[in-house]
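So you can see what is in the structure, the chains are spelled out below.
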Amino acid sequence: MLTTVEKDVAHTRLQAAVEEMCLTLRRASRSLYVRDAADFACAVADLSGRFVAYPQDVGVSGFVGLDLTPAIEAATASGPLAPGDVVLTNDPYLSGGLSTHLPDVHAIAPLFDGDELVGYGWAFVHVSDVGGRVPSSVSVLNDSVFAEGLRIPPLRYVRAGTVVPEVEAILAANSRTPEANRGDLHAMLAALDTGRRRVGELTADLGPAGFADVGAFAREQSAARARSALRALADGTYRFEDYLDNDGVSGVPLRVVVTATVDDGAVHLDLTGTDPQVEAALNMVTFGRAHSWVVTRLFAIVGTLDPAVPLNGGLMDVIGFTAPEGTLLNATGTAATGVRHATTSRVNDVVSGALVQAAPEVLPAASSGLVVPVVFAAADGSRVDVVEPMVGGTGARHGADGADGRDSGISNLSNNPVETVEANVSVRVLRYALRADSGGAGRWRGGSGLELEFEALTDGGLLARGLERLRFRPWGFAGGRPGALTELVVNEGRADERRLSVVDVHPLRAGDRVVLRTSGAGGYGDPLERDEAAVLADVAAGLVSPGAALEAYGVVVRDGVLDAAATAAERTGRSVSAAGAAHSLGPERERWERVFPSALADRLDVYLRTLPTTTRAARRREILGGMLAGLPERFPGVAASEEALVAAERQFADAVADVTGAA
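This text gives an overview of the structure that appears in the document.

**A short note on the sheet that holds strand β20 (residues 506-508)**
Strand pairing in a sheet relies on backbone hydrogen bonds. The paired strands run either parallel or antiparallel.
Line of reasoning, step 1. Taken in spatial order, the four strands of this open sheet run β13-β12-β16-β20, and their pairing is antiparallel. With one partner strand each, in any of the chains shown, β13 (384-390) and β20 form the two edges of the open sheet. Pairs of neighbouring strands in the sheet enclose a mean axial angle of 25 degrees, with direction left out of account.
Line of reasoning, step 2. Note that strand β16 (residues 460-464) and β20 share three bridges and pair antiparallel. Across the sheet, the residue bridging to G461 is P507, located in β20.

And the structure:
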């Protein structure tokens, strides 16, 4: 039996191994999105299929809780894995939820001590293109997984150390960027070889039983530390909801609801009330189980309260999950999943909105709530490049401003250096900066969004998957204001200006200019209580304009200098908010929920779940569309008359009563 110290040392060796795997993959990668933006990860799992070692700060952190078991079982239906084999898969349905959309290709290598299987090495990369209807394979307008590209069931890509040529040929024939893909897949193989060597060295010292002991120890330690951290949340049941801008098919928004139950350091997330899966690529496949990418907000809470907690599958042991079948968070059949990150970003916001009520001095206001990889595709599809993976800011929290231009949500991707972009992509970057006046005002300011402007140097196509928060602002808390809305504009200020909200592939001509301004995060606490020096520093840094300093904070800045007397007079004339622990939702959300209140939306959801899965979304659109027809075209972004609001309220109440049989 190993001592606790020996197990701890062995686990440290495993942590070093997965870090080395990630560095190997990154150095060997051929694509900008993997090499620079770092959309990849590596890990080692034991025979449970859960990760026992995961990198702390290299690659994507949100997949730490994945379960390899369903994919392994599918791959071994025709026979057991042998030394030197590597399994490849990318399909959310066929991999049992391991992959979340088709461009994320996962590789699994069995790890042996002699002839005895002891665990698995794992790696994934987001490849440039897997075929399908559009370059890069991802568009919100894809209506099924079949439109999204090549589906790879869990199969052997490598047998006994040799790549299967027939499989490689199929992969190459179904991509617009076969060489870039091949380079990234082989980078994964190099990473898995590194993991194989390092685990082999460890098992030579410990034996199979010792390796299993170390894995169980690591997961148990992380679970215990996670439970201890989550005890900072007050026990109880908390609910919150938020919206996606639209369903990808129409202008009808999508509601995401969570009821979070906290019990002695364990948290159960119930997504009942979330809208049905849709005929667009906003769906997430979970099979009704807690999926790593749906519960990343809980990982962030644990990591905030215990920054040194080891990342591994043990974190999932304190998380419960419910999501009714046929909903956005438990899609079935062949629903498209390419832009699932938009939906899971909103899950982060609703989990924060629920749990901030349990720990108002720990949880932040809403983050910017979007991840938008801005893609420029060559006109012939021969190159598909991510110009920048755009996010916004982090929500402010009690005692601290939010982070500007970074989001601790589902994505911790690095930005692409401008010099690298211009050297590899046919664009000229004109501006890449923090966006002024975007972070929600508060005693602690919400993180600022980003602004990216670039010029196309050749004809091509623009893709902006995950474009969100153009309609509903990231909420503030405890008197803090919500953040600014997103904007995407082509040729701003010109006669051919286009403001985009849903992007499939928008054609660009050489000389066209694109500007994306991402949403800012929510503020925390009353803006009138913000330190005057902090406001002045924000003005000096260009994060807050003098006009916004006056309007939001009551702070007067003239020619870069604080006017203390005028500020005192301005603030004295205003009253400090008594918002307490309330969420500040923004006028758009308030208008929407006046017409479509939560209680009636809940009743409608119960009715919709009695219908066949394939008809639910269309029926919901039909019902809500009847009310929206009598409201302004851009509602709730623009106000409606009182008469129109009253009529729409009554109409929705009557419609729900009709379908549910309740008065």
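**A few points about unusual backbone geometry**
Line of reasoning, step 1. Residues F635 and P636 are joined by a peptide bond in cis, for which omega reads 5 degrees.
Line of reasoning, step 2. Locating P636 in the fold gives a position in the loop between α14 (613-628) and α15 (642-660).
Line of reasoning, step 3. Positioned with a positive phi, F287 is a non-glycine residue whose angle comes to about 55 degrees.
Line of reasoning, step 4. Secondary-structure assignment places F287 in the loop between β10 (266-270) and α6 (296-305).
Line of reasoning, step 5. In the Ramachandran plot, R469 falls in the positive-phi region, its phi being about 60 degrees despite a non-glycine side chain.
Line of reasoning, step 6. Turning to its location among the elements, R469 is positioned in the loop between β16 and β17 (476-477).

**Some details on the pattern of salt bridges**
Line of reasoning, step 1. Counted according to the given criterion, the structure contains 50 salt bridges.
Line of reasoning, step 2. With a shortest N-O distance of 2.7 Å, R198 and E20 are connected by a salt bridge. Of this pair, R198 sits in helix α5 (residues 178-230) while E20 sits in helix α1 (residues 4-28); the two residues are 178 residues apart in sequence, bridging distant segments of the chain.
Line of reasoning, step 3. Ionic pairing is found between D193 and R196, a salt bridge with its closest N-O pair at 2.4 Å. With a gap of three residues between them, D193 and R196 both fall in helix α5, about one helical turn apart.

**Remarks on the side chain of R445**
Line of reasoning, step 1. Tracing the backbone through its elements, the reader meets R445 in the loop between β14 (427-434) and β15 (450-456).
Line of reasoning, step 2. Within the structure, the side chain of R445 is placed 2.9 Å from the side chain of D538, a separation counted as a polar contact.
Line of reasoning, step 3. Setting aside residues up to four positions removed in sequence, R445 forms contacts with A396, D401, G402, D404, G439, G440, G523, R530, D538, L543, V544 and Y553.

**Examining the pairing of β16**
Line of reasoning, step 1. The element β16 is extensively covered by neighbouring structure, given that five of its five residues are classed as buried.
Line of reasoning, step 2. Both strand β12 (residues 372-378) and β16 contribute to a ladder of five bridges, which runs antiparallel. Of the residues in β16, the one forming a bridge with A378 is G460.

**Overview of the sheet that holds β15**
Line of reasoning, step 1. Read from one edge to the other, the open sheet built from five strands follows the order β14-β15-β21-β18-β19, with strand pairing classed as antiparallel. Looking along the sheet, the strands with just one partner apiece sit at the ends: β14 and β19 (498-499).
Line of reasoning, step 2. Relative to strand β21 (residues 513-517), strand β18 (residues 487-490) is paired through four bridges, and the arrangement is antiparallel. Bridge assignment links V490 to a residue of β21, and that residue is V514.

**Section: the side chain of D605**
Line of reasoning, step 1. Relative to the helices and strands, D605 is located in helix α13 (residues 598-608).
Line of reasoning, step 2. A polar side-chain atom of D605 sits 3.0 Å from a polar atom in the side chain of R609.
Line of reasoning, step 3. Excluding residues that lie within four positions of it along the chain, D605 makes contacts with R255, G273 and T274.

**Things to note about the environment of L608**
Line of reasoning, step 1. Within the fold, L608 resides in helix α13.
Line of reasoning, step 2. The exposure class of L608 is buried, given its relative accessible area of 1%.
Line of reasoning, step 3. When sequence neighbours within four positions are dropped, the list of residues in contact with L608 reads P276, R616, R619 and R620.

**As for the packing of α1 against α5**
Line of reasoning, step 1. Direction vectors running N to C along α1 and α5 enclose 175 degrees, while the axes themselves pass 7 Å from each other. Classed by the angle they form, the pair α1 and α5 counts as roughly antiparallel.
Line of reasoning, step 2. By residue class, the composition of the contact of α1 with α5 is 18 nonpolar, six polar and eight charged.

**Digging into the nonpolar core**
Line of reasoning, step 1. With 93 residues, the main nonpolar core has W122 and L269 as its most contacted residues.
Line of reasoning, step 2. A per-element tally of this core places helix α7 (residues 340-355) first, with six residues.
Line of reasoning, step 3. Core analysis: the second largest hydrophobic core is formed by 49 residues, Y93, A123, V127 and V158 among them.

**Examining the packing of aromatic side chains**
Line of reasoning, step 1. Evaluation of the coordinates by the stated rule reveals 15 aromatic pairs.
Line of reasoning, step 2. A ring pair is formed by F596 and F652, whose centres lie 4.9 Å apart and whose planes are at 75 degrees; its orientation type is edge-to-face. Of the two residues, F596 sits in the loop between α12 (587-595) and α13 while F652 sits in helix α15, which places them 56 residues apart along the sequence. Of the two residues, F596 and F652, neither departs from the other in class, the shared state being buried.
Line of reasoning, step 3. Among the aromatic residues, those joined into a cluster by ring pairs are F51, Y54, F63, W122, F124 and W293.

How each quantity is defined
Residues numbered from 1 in each chain as written. Predicted model: local features only at pLDDT ≥ 70, side-chain atom pairs only at ≥ 80, totals over all residues. Heavy atoms only, no water. Pairing = 2+ DSSP bridges. Helix = DSSP H or I, 4+ residues; strand = E, 2+ residues; numbered from the N terminus. Axes fitted to C-alpha atoms, helices over the stretch in contact; angles between N-to-C directions. Salt bridge = Lys/Arg side-chain N within 4 Å of Asp/Glu carboxyl O. Polar contact = N/O pair within 3.5 Å; in protein donor to acceptor, adjacent residues only side chain to side chain. Contact = heavy atoms within 4.5 Å. Buried < 20%, exposed > 50% of the residue type's maximum accessible area, 1.4 Å probe, protein only. Parallel < 35°, antiparallel > 145°, perpendicular 65-115°, else oblique. Nonpolar A, V, L, I, M, F, W, Y, C, P; charged D, E, K, R; others polar. Core = buried A, V, L, I, M, F, W, Y, C linked by side-chain atoms within 4.5 Å. Phe/Tyr/Trp six-rings, centres within 6.5 Å; stacked < 30°, edge-to-face > 60°.

Structural measurements only, silent on function.
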